[in-house]
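Descriptive analysis of the structure
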Amino acid sequence: MAFQCQRDSYAREFTTTVVSCSPAELQTEGSNGKKEVLSGFHVVLEDTLLFPEGGGQPDDRGTINDISVLRVTRRGAQADHFTQTPLTPGTEVQVRVDWERRFDHMQQHSGQHLITAVADHLFGLKTTSWELGRLRSVIELDSPSVTAEQVAAIEQSVNEKIRDRLPVYVRELSLDDPGVEQVRGRGLPDDHAGPIRVVTIESVDSNMCCGTHVSNLSDLQVIKILGSEKGKKNKTNVTFLAGNRVLKWMEKSHSTEKALTALLKCGAEDHVEAVKKLQNSSKILQKNNLNLLRDLAVHIAHSLRNSPDWGGVVTLHRKEGDSEFMNIIANEIGSEETLLFLTVGEEKGAGLFLLAGPAEAVETLAPREVCTFCEDYCWQSARLSMSRNKSGSW
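Presented here is an overview of the structure given in this document. Being a predicted model, the structure only gives us computed values, none of them experimental. Residue numbering note: each chain is counted from 1, following its sequence as written. Only residues with pLDDT of 70 or above have their local features reported here, since the model is predicted, and side-chain atom pairs are shown and tallied only from 80 upward, although totals for entire chains, interfaces and linings are computed over all residues. Derived side-chain values reflect all non-hydrogen atoms in the structure, with water molecules and hydrogen atoms excluded from consideration.

To continue, consider the packing of aromatic side chains. By convention, a stacked pair of Phe, Tyr or Trp rings (six-membered ring in the case of Trp) has centres within 6.5 Å and planes under 30 degrees apart, an edge-to-face pair has planes over 60 apart, and any other such pair is tilted. Within the structure shown, the criterion is met by three aromatic pairs. Judged by centre distance (6.2 Å) and plane angle (40 degrees), the rings of Tyr10 and Trp99 are tilted. With Tyr10 in the loop between α1 (4-7) and β1 (13-29) and Trp99 in helix α2 (residues 99-123), this pair connects stretches of sequence that are 89 residues apart. Burial classes follow relative accessibility: with a 1.4 Å probe on protein chains only, a residue under 20% of its type's maximum area counts as buried, one over 50% as exposed, and anything between as partly exposed. Look at Tyr10 and you get partly exposed, because its relative accessible area is 28%. Between Phe341 and Phe353, the ring centres sit 6.4 Å apart and the planes meet at 55 degrees, which makes this aromatic pair tilted. One end of the pair, Phe341, is in strand β16 (residues 339-345); the other, Phe353, is in strand β17 (residues 351-356), and 12 residues separate them in sequence. Strands are runs of DSSP state E lasting at least 2 residues, helices are runs of H or I lasting at least 4, and numbering of each runs from the N terminus.

By this definition, two strands are paired if DSSP reports at least two bridges between them. Strands sit in the order β10-β11-β12 across an open sheet of three strands; the sheet is antiparallel. Each edge of the sheet is formed by a strand with only one pairing partner; in this case those strands are β10 (168-173) and β12 (205-208). Each strand of the sheet is rotated relative to its neighbour by a mean of 25 degrees, with strand direction disregarded. Two strands pair when backbone bridges link them, and strand β11 (residues 196-201) and β12 are joined in this way by four bridges, in the antiparallel orientation. Only the contacting stretch of a helix is used when fitting its axis, a line to C-alpha atoms as for every element, and angles between N-to-C directions run 0 to 180 degrees.

Among buried residues, those of type Ala, Val, Leu, Ile, Met, Phe, Trp, Tyr and Cys that are joined through side-chain atoms within 4.5 Å constitute a nonpolar core. Ranked by size, the top nonpolar core spans 49 residues in total, and within it Leu114, Ile154, Leu217 and Ile223 carry the most contacts. If you tally residues by element for this core, the top one is α2, at seven residues. How far each domain reaches was decided by an automatic or database domain assignment. When residues are assigned to domains, this core turns out to be shared by domain 1 (4-97) and domain 2 (103-251), each giving three or more. Note on contacts: a residue pair is in contact if any heavy atoms of the two residues lie within 4.5 Å. Dropping the residues within four chain positions of it, Ile154 is found in contact with Ile115, Val118, Ala119, Leu122, Phe123, Leu125 and Ile225.

The span one expects for a helix is its residue count, reduced by one, times 1.5 Å. In this model, helix α3 (residues 148-163) (16 residues) spans 23 Å end to end at C-alpha, consistent with the 22 Å of a helix rising 1.5 Å per residue. Of the residues making up α3, those classed as buried are Gln150, Val151, Ile154, Glu155, Ser157, Val158, Asn159 and Ile162. Check the buried side of α3 and you find it contacts α2 and β13 (223-230). One or two steps after α3, the chain reaches Arg165, where phi turns positive at roughly 55 degrees.

What follows deals with the sheet that holds strand β4 (residues 67-69). Read from one edge of the open sheet, seven strands run β4-β3-β7-β1-β2-β6-β5, paired in antiparallel fashion. The sheet is open, and its two edges are formed by β4 and β5 (71-75), each paired on a single side. Each neighbouring strand pair of the sheet contributes to a mean axis angle of 35 degrees, computed without reference to strand direction. Relative to strand β7 (residues 92-97), β1 runs antiparallel, the two being bridged by five bridges. Bridged to Thr15 within β7 is Gln94.

A few words on a negative patch on the surface. Only residues above 30% relative accessible area that lack a salt bridge enter a patch, with like-charged residues linked at up to 9 Å and the nonpolar side chains Val, Leu, Ile, Met, Phe, Trp and Tyr linked at up to 5 Å. What sets the accessible areas is the Shrake-Rupley method with a 1.4 Å probe; for residues, cover comes only from the shown protein chains. What makes a salt bridge here is a side-chain nitrogen of Lys or Arg within 4 Å of a carboxyl oxygen of Asp or Glu, nothing more. The charge count treats Lys and Arg as positive and Asp and Glu as negative. His and the chain ends do not count. Working definition for charges: the position is that of NZ of Lys, CZ of Arg, CG of Asp or CD of Glu. Taken together, the side chains of Glu257, Glu269, Asp270 and Glu273 define an acidic patch exposed on the protein surface. Among the structural elements, Glu257 can be located in helix α4 (residues 244-264).

Moving on: helix α6 (residues 323-333). Regarding α6, the residues found buried are Phe325, Met326, Ile328, Ile329, Ala330 and Ile333. Buried residues along α6 sit against α5 (271-305), β15 (313-318), β16 and β17. Two to three positions downstream of the cap, the backbone nitrogen of Glu324 sits 3.2 Å from a side-chain oxygen, assigning the N-cap of α6 to Asp322. Phi for Gly334, located one or two positions after α6, is positive at around 55 degrees. What qualifies as a polar contact is a pair of N or O atoms within 3.5 Å, subject to a donor-acceptor requirement within protein and to the restriction that residues adjacent in sequence count only when both atoms come from side chains.

Turning next to the pattern of salt bridges. Inspection of every chain in the model, using the stated rule, returns 15 salt bridges. Measuring nitrogen to oxygen at the nearest pair gives 2.5 Å for the salt bridge that ties Arg7 to Asp47. Pair noted here: Arg7 is in helix α1 and Asp47 is in the loop between β2 (35-45) and β3 (62-64), with a separation of 40 residues, a long-range link. What makes Asp47 buried here is its relative accessible area of 11%. Between Asp104 and Arg245 there is a salt bridge; the shortest N-O distance is 2.7 Å. Here Asp104, found in helix α2, pairs with Arg245, found in helix α4; they are 141 residues apart in sequence, far enough to count as distant. Residue class for Asp104 comes out buried when judged on its relative accessible area of 16%. Relative accessible area serves as the criterion here: at 9%, Arg245 is assigned to the buried category. Taken together, the shared-partner salt bridges in this structure form one network comprising Asp59, Arg61, Arg71 and Arg101.

Bringing unusual backbone geometry into the picture now. Positive phi, close to 65 degrees, is recorded for Ser203, a residue that is not glycine. Structurally, Ser203 is set in the loop between β11 and β12.

What follows concerns the pairing of strand β14 (residues 236-242). A large share of β14 lies buried, amounting to seven of its seven residues. Both faces of β14 are covered, namely the face carrying Thr236, Val238, Phe240 and Ala242 and the face carrying Asn237, Thr239 and Leu241. Bridge count for strand β9 (residues 137-141) against β14 is five bridges, and the pairing is antiparallel. Note that in β14 the partner of Glu140 across the bridge is Asn237.

Right, let's talk about the packing of α4 against α5 for a bit. Where α4 contacts α5, the two axes come as close as 11 Å, and the packing angle between them is 50 degrees. With respect to α5, the axis of α4 lies oblique. In the packing of α4 onto α5, the handedness of the crossing is left-handed. Along the contact surface, α4 presents Glu257, Leu260, Thr261 and Leu264, while α5 presents His271, Ala274, Val275 and Leu278. A per-class count over the contact of α4 with α5 returns five nonpolar, two polar and one charged. Here is the rule for angles: anything less than 35 degrees is roughly parallel, anything more than 145 is roughly antiparallel, 65 through 115 is roughly perpendicular, and the remaining ranges are oblique. What makes a crossing left-handed is the near helix being turned counterclockwise from the far one by less than a right angle; a clockwise turn instead makes it right-handed. Gly counts as polar in this scheme, as do all residues outside two lists: the nonpolar Ala, Val, Leu, Ile, Met, Phe, Trp, Tyr, Cys and Pro, and the charged Asp, Glu, Lys and Arg.

Next comes the structure, spelled out in structure tokens:
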């Protein structure tokens, strides 16, 4: 059977009756990223305005008598609505759909049908699967590669058809209808019941589909193909946005452009060149800084050796530096009689250490010396091939 959401994808409210309500659990992802199990109920209605996930399209969100529906799943010819509040069978209820989410899914799903049909018509590129993502959607094409020219041609063609305001309509065919053979599709689910639902874009495509769709391509507004990349098993993934997602993407891109204009002190057309110049300057500065650190390490090593306090245990800490900086000091000093403890990094942040000197002293004192220095920080030693040095991080 077709649900109310499939018969009229634009309906936002619907009155129906509760058929059953049974205890159930729902596994979700908590705010900390860990799986959580919610206790609640599976509510079955005589008919539903809320689309159960299927055909690559996520399920709807909404309410039943102002009770939030957290998940909708299809089970044969019925839909299970997960709520955390029970509803009495036989009760007449008002169902409302989260329209922003629904319309977004309608735009992305109809957009996928359109891109799939055009890619096949223009270049024989067959769609093998698709995913309606939270931010963007992906179509998997049965080809090891898709050129930038092909992507541009597909995008131009789909937007021309949107401007042509082509109608989209739904038909239901019986399994033995000869028209079924002329309809594109990837097969029916094992538990399919009733007639076959066919979504047609006039003069473009007919496809077996259970999802919700716009009634006219003009409701897609615009489609933007963001690009293509190599997928699995000689497939190519094409990423796209449709409708309101394009507007949101443009607003975000425009905000980023304005921020870069303020930071780089130049117009948007010069952003790339300005960043290239900054990168080149940064590489030169990093190279110069590295050379200066090396020279400083040699100078510090010589100063330590010439110090009247030289001998026994020598410690040194600098905020700036890296493992190479410490190794240069240790190698320049080159003493087997003096225990040298070097550290670099912020006192209250991450850092590096190097303990050098007589092998026996290093092996015996390393954990004790580091823990004394780090106090609350965890010491980890990196096992090096050099017997006289111990180094690691805190």
